[in-house]
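# Survey of secondary and tertiary structure
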Amino acid sequence: MNSPIYRLLPVSFRAPGANASTVQRLSRSLARFSTSRSVTISSSPANQGKHTCSEAKQNKRLRSATLENTRIELKIDPRKVKTFGELNIKPPILESISKNFKDIEKPTNIQKGILALLRSDASLVVRQTPGTGVSTALSMYALDFGKGVVPCPTPFVTTIILVHSKELALQYSTTFKKLLKDATSVDKNSIYQTLYRSTPEEESAQLTLLKSNPGPNILITTPTRLLDLLENDETRRFVPIYNTSNLVVDEADLLISTKSSISTAKSDTSNNAHESPGIILMQFLIRLRNRIVRENNKKFIPLRLIITSSALQHDIPIMLHNNGWDKDRPLIKVGMDPSGGRFTSRFPADVSCHCVTYQTDSLGSRVIDTKLPTIDKDWLFNPQNELLLSMEESSHAFNRSKKISAMKGSKNNQKSSILFSECSTFESDYFDAFQILFEQDKRTPSLVIIPDHVSMNGAIKALAKRNIKVGVLDSSEDSSELIVKYIHQTQSPVSRKRHFLAMDEVFNTKYNNTEDISYSSYPQPDIVLSKYANIRGIDMPSLSRVYALGFDSLPGGRSIFTMASRCRVSNIFDRRNKSLNELLDKNLGPEKKGKLIIVSIDQDFGNEVSKALAISLAKIGVNVTPLMK
Ligand SMILES: Nc1ncnc2c1ncn2[C@@H]1O[C@H](COP(=O)(O)OP(=O)(O)OP(=O)(O)O)[C@@H](O)[C@H]1O
């Protein structure tokens, strides 16, 4: 592992706390680098396609796929595909899918499109309907790609999957573990590893694993953690990225959007001061990788980008273009919404949306259906109003975050205790409202989302006081899988016990049915509590209730749409069926539908908020249904 690549970055290179100038520093270090190593990057030959496909002839199912001023060779026509086998996935992966993934029988349309397009010479920008199997398809593709065909004696990373959160990293890890369940003869740590910022113990465990198995084929990582390792002379050599062929960016709107950014600095609590670490990492990674390939290969084989999110907007393809990342490989856009604020994917037919407000007055405290203003659809979908609309939608969240920052900034002055107690009044009202709703709904297991500024521990305590048992997303004891952790109190002897549940046990009525003798002693939380960013992209089988406590728990229409799609009342193929709504109402009754409930409280529900919420809901085509009797 003494390749010259490891001398690439000078000691002065630092990533945490990086801002835009980090990129310039990284670029300078790149300019000084030269290597004599001969490296070949794998890529399937592009021009063996049976039919040429122009934009007009593209797969009708991928209606909004556009080819950017170019023609690509489609090696597989997704319209003709019926099975995963026809997408040229290797047999062991197919066997694992049929054996270990009970839900999966045939590919969804988006899976057919993605896996077919990835056999051709293209990069992809995909805006999918949430929960339609994109992450699963990308995991299959990454595993299928494996080591590629690179004649290289040392291990290296072929596919990087960039994720925004520990939770999503662990979910990918769980999927790979499942896909490789029967591959008993291979060392799984040489195939995939997961990196994310965490406690010193967890980070050190990640590093120990990486040292013993450097260069796993698939690296699932948050950008900040990869930057941490790349900045360090000692750790850089364990993540050899010089042969990387695929860069997947999942939930890209949270990672590389130019509209929002997460700081790279561990200590930094402000969200706006820095360029997104996802963009910093991409700028560095792509330049580094391309430079080495150009120096060592007769033929330059460009990196394949796969950028995906259910909330992707046009700023991302524009940013990719401005950085020149669509120069070497055509970028195919799949499923993007047209500009003008209209979402082509509508609210799932098997989920109803409710808005309620907790009111306290001389008559006492109660929950009522929220009165939202009517929004003129012509005005809403006029492209000229797009900017105004996004300002309208985000203004409340912005004002709220300004208020919270002010509160944090004033921790040491005498006003702070007043502000914090004001904040805790907000919180207790939300929880009182939730308790009423939860009891009314016969304590159906639910996902509860709280705003960023509310403390998780505080919320768990507040709910426990109301006799509601809370589970939270966490990593399994070996830190390789996403689970729900539930800490419960035992009576004799009195103690606190931790209990871990697999994601598919949490909302499954089989496990909640106390009449079933085999599960009656099974400690089970009533709800799972999370913040929006941690739950994004996380699959929760059997979930049918989502409560958002406060409008700012779900920022904007797309996040409402994304969370509603997490309810899995009907199956992946039926839920887009137009007649599903009628079918459900007729056969099952509206109470059998999934429910997304947005809870507000009197104090935060002014005109500004109600208009912003009404706009968000109208944009995703929601008819708000009354909930209270
Ligand atoms: N072809 C299929 N048929 C049935 N179920 C599937 C299929 N593909 C994936 N699933 C299941 O659907 C669920 C969601 O899959 P996945 O997480 O891949 O979706 P996603 O599109 O990546 O979601 P998100 O938009 O949140 O990122 C998982 O439980 C997965 O096992």
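Residues numbered from 1 in each chain as written. Predicted model: local features only at pLDDT ≥ 70, side-chain atom pairs only at ≥ 80, totals over all residues. Heavy atoms only, no water.

This paragraph deals with the overall build of the protein. Summing up its helical and strand segments, the protein has 21 helices and 19 strands in all. Within the protein, the proportion of its 629 residues that are buried is 57%. Taking contacts inside the protein between residues at least 6 apart in sequence as the whole, the part at least 24 apart equals 75%. Summed over all atoms, the accessible surface of the protein reaches about 28,200 Å², with 51% contributed by carbon and sulfur. (Helix = DSSP H or I, 4+ residues; strand = E, 2+ residues; numbered from the N terminus. Buried < 20%, exposed > 50% of the residue type's maximum accessible area, 1.4 Å probe, protein only. Contact = heavy atoms within 4.5 Å. Areas by Shrake-Rupley, 256 points an atom, 1.4 Å probe, with all protein chains shown as cover.)

The phi dihedral of Glu 251 is positive, around 50°, even though this residue is not glycine. Within the secondary structure layout, Glu 251 lies in the loop between strand 8 (246-249) and helix 9 (252-255). For Ser 542, which is not glycine, the phi torsion reads 70° and is therefore positive. The class of Ser 542 is partly exposed, set by a relative accessible area of 35%.

Moving on: the pairing of strand 18 (residues 545-549). With respect to burial, strand 18 is a largely interior element, five of its five residues being buried. Side chains Arg 545, Tyr 547 and Leu 549 of strand 18 all project onto a buried face; the interleaved residues Val 546 and Ala 548 project onto the opposite face, where all are buried too. For strand 18 and strand 19 (residues 594-601), the ladder comprises five bridges, and the chain directions are parallel. Bridge pairing in strand 19 links Ala 548 to Ile 598. (Pairing = 2+ DSSP bridges.)

Quick look at the UniProt feature "short sequence motif: Q motif" (unreviewed entry) in the protein now. In the numbering used here, UniProt assigns the feature "short sequence motif: Q motif" (unreviewed entry) to residues 82-112. When the span residues 82-112 is considered, its composition is 45% helix and 0% strand, and the gap between its end C-alpha atoms is 8 Å. (UniProt positions renumbered as here; feature names shortened; annotations may be inferred.)

Here Leu 254 is to be found in helix 9. For Leu 254, a relative accessible area of 18% translates into the label buried. Through-space distance from the C-alpha of Leu 254 to that of Ser 165 is 9.6 Å; in sequence the pair is 89 residues apart.

A complete count under the given rule lists 23 salt bridges for this structure. One salt bridge connects Lys 166 with Glu 202, and the closest N-O pair in it is separated by 3.6 Å. With Lys 166 in helix 5 (residues 166-179) and Glu 202 in helix 6 (residues 200-212), the pair connects residues that are 36 residues apart, well separated along the chain. Across the pair, Glu 202 and Lys 166 agree in class, each one buried. Via salt bridges that share partners, Lys 166, Glu 202, Asp 474 and Lys 485 belong to a single interconnected network. (Salt bridge = Lys/Arg side-chain N within 4 Å of Asp/Glu carboxyl O.)

Turning our eyes to something else, we now look at the packing of aromatic side chains. Within this structure, the stated rule accounts for five aromatic pairs. Centroid distance Tyr 172 to Phe 176: 6.5 Å. Interplanar angle 25°. Geometry classified as stacked. Placement of both Tyr 172 and Phe 176 in helix 5 is noted, with a separation of four residues, approximately one turn of the helix. A relative accessible area of 1% means that Tyr 172 is categorised as buried. Take Phe 176: its relative accessible area is 0%, and that puts it in the buried class. Relative to Tyr 547, the ring of Phe 434 has its centre 4.8 Å away and its plane inclined at 85°; by these criteria the two rings are edge-to-face. Remark: Tyr 547 occurs in strand 18 and Phe 434 occurs in helix 14 (residues 415-440); sequence separation between them is 113 residues. Grouped by ring-pair contacts, the aromatic residues Tyr 172, Phe 176 and Tyr 192 constitute a single cluster. Between the NZ or CZ atom of Lys 178 and the centre of the ring of Phe 101, over which it lies, the distance is 4.5 Å. (Phe/Tyr/Trp six-rings, centres within 6.5 Å; stacked < 30°, edge-to-face > 60°. Lys NZ or Arg CZ within 6 Å of the ring centre and 35° of its normal.)

Inspection of the region around the ligand gives 21 residues, with Lys 106, Ser 135, Thr 136, Asp 539 and Arg 566 positioned closest. Separating a nitrogen atom of the ligand from a backbone N or O atom of Lys 106 is a distance of 2.8 Å. One of the side-chain N or O atoms of Glu 251 is found 3.1 Å from an oxygen atom in the ligand. Look at the ligand: alone it shows 630 Å² of surface, and the protein chains cover 94% of it. Tallied by class, the residues present in the shell around the ligand amount to six nonpolar, nine polar and six charged. Here the shell around the ligand gathers at least three residues from each of two domains, domain 1 (50-334) and domain 2 (351-403 + 430-468 + 526-619). (Near = heavy atom within 4 Å. Polar contact = N/O pair within 3.5 Å; in protein donor to acceptor, adjacent residues only side chain to side chain. Nonpolar A, V, L, I, M, F, W, Y, C, P; charged D, E, K, R; others polar. Domains from an automatic or database assignment.)

Right, let's get into helix 11 (residues 315-322). Here helix 11 has its buried residues at Asp 315, Ile 316, Pro 317, Met 319 and Leu 320. Taken from the residues just after helix 11, Gly 324 is the one with a positive phi, measuring 75°.

As a further point, take the nonpolar core. Phe 176, Leu 447, Met 540 and Leu 596 are the most contacted members of the largest nonpolar core, which has 83 residues in total. Ranked by residue count, the leading element in this core is helix 4 (residues 134-145), at eight residues. The contacts of Met 540, once residues within four sequence positions are left out, are Leu 447, Leu 473, Met 503, Phe 507, Val 528, Ile 535, Arg 566 and Arg 568. If you look at the next biggest cluster of nonpolar residues, it comprises 41 residues, including Phe 238, Leu 247, Leu 312 and Leu 331. (Core = buried A, V, L, I, M, F, W, Y, C linked by side-chain atoms within 4.5 Å.)

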